[in-house]
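So the chains spell out like this:
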Amino acid sequence: MTNYVFIAPPQPSVAIAGTDRRYPVRRVYCIGRNYEAHVREMGHDPERSPPIFFCKPADAVLEVPQGEEGVFPYPAQTGNCHHEIELVVAIGKGGKDIAPAQARTHVFGYAIGLDMTRRDLQRAAAKAGQPWETGKAFDASAPMGPIHPAAKAGRLEAGEISLDVNGRTKQRGDLSQLIWNVDEIIAALSRLFELQPGDIIFTGTPEGVGEVKAGDRMSGAIAGLGELRLRVA
Ligand code: MN
């Protein structure tokens, strides 16, 4: 046993759908500005504002077990916490400088995720030319459902992605609208970082992002992956 000065923190992990096995999370990469209509709603020009990468800590993952309603704790220091429904890609085989045509062989599976955002803090940071961590990388900022292995789910290249709040549809798009598709994301990311098994990638959100308040109920869906439900505490 290693002689740590305190008990080592637990390994973040999420369930693999339909099994008793778990996927250990190493890193959480996120893509911003990856749906044209969302780039516009955020006040940017898609032509001049290509997708960008940022990260969240692995222990920001908030697992919602299959079929259950999760609880998202309303974060501190914000008056404008936004939902961003996203397709999550889980890497199963590492690599660097991965060619887009080979990218699919690196995918373990897919999940539904929410890139929860303290929009007021993110905007203030962006305006001041500061990093986004306070807006994006807070505790429980990455709720997600179980991972569906690609071997069963197939390749998710098209299909509806949507989010309802209190029964009203707020976000709706299609995976085919991704500016960088999953293969291109993996290729681009692997040129910047050596990917490893356990890395998960939030692939960006369609238009319609907006605020949630305590007591709200969010229900996200992606064709082929079921639902992700959370109540805001
Ligand atoms: Mn996002």
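Here, every reference points to the structure presented above.
None of these values were measured; they are calculated from a predicted model. (Residues numbered from 1 in each chain as written. Predicted model: local features only at pLDDT ≥ 70, side-chain atom pairs only at ≥ 80, totals over all residues. Heavy atoms only, no water.)

A. View of the sheet that holds strand 14 (residues 168-174). In space, the five strands of this open sheet follow the order 6-18-17-13-14, with mixed pairing throughout. Both edges of this open sheet fall to strand 6 (69-72) and strand 14, since each of them pairs with a single strand only. Going across the sheet, the axis of each strand differs from the next one's by a mean of 20°, ignoring polarity. For strand 13 (residues 160-165) and strand 17 (residues 217-222), the ladder comprises five bridges, and the chain directions are antiparallel. When the sheet's bridge partners are listed, Ser-162 is paired in strand 17 with Ala-221. (Pairing = 2+ DSSP bridges. Helix = DSSP H or I, 4+ residues; strand = E, 2+ residues; numbered from the N terminus. Axes fitted to C-alpha atoms, helices over the stretch in contact; angles between N-to-C directions.)

B. Structural context of the packing of aromatic side chains. Tallying each qualifying case throughout the model produces four aromatic pairs. When the centroid spacing of 5.0 Å and the interplanar angle of 45° are considered together, the rings of Tyr-29 and Phe-193 count as tilted. You can see Tyr-29 sitting in strand 3 (residues 27-32) and its partner Phe-193 sitting in the loop between helix 5 (182-192) and strand 15 (199-202), a full 164 residues away along the chain. When the ring of Phe-54 is compared with that of Trp-132, the centres are 5.3 Å apart and the planes differ by 55°; the resulting orientation is tilted. Here the residue Phe-54 occupies a position in strand 4 (residues 52-56), and Trp-132 occupies one in the loop between helix 2 (119-127) and helix 3 (133-136), the gap between them amounting to 78 residues. Both residues of the pair, Phe-54 and Trp-132, belong to the buried class. The side chain of Lys-56 reaches across the aromatic face of Phe-138, ending 6.0 Å from its centre. (Phe/Tyr/Trp six-rings, centres within 6.5 Å; stacked < 30°, edge-to-face > 60°. Buried < 20%, exposed > 50% of the residue type's maximum accessible area, 1.4 Å probe, protein only. Lys NZ or Arg CZ within 6 Å of the ring centre and 35° of its normal.)

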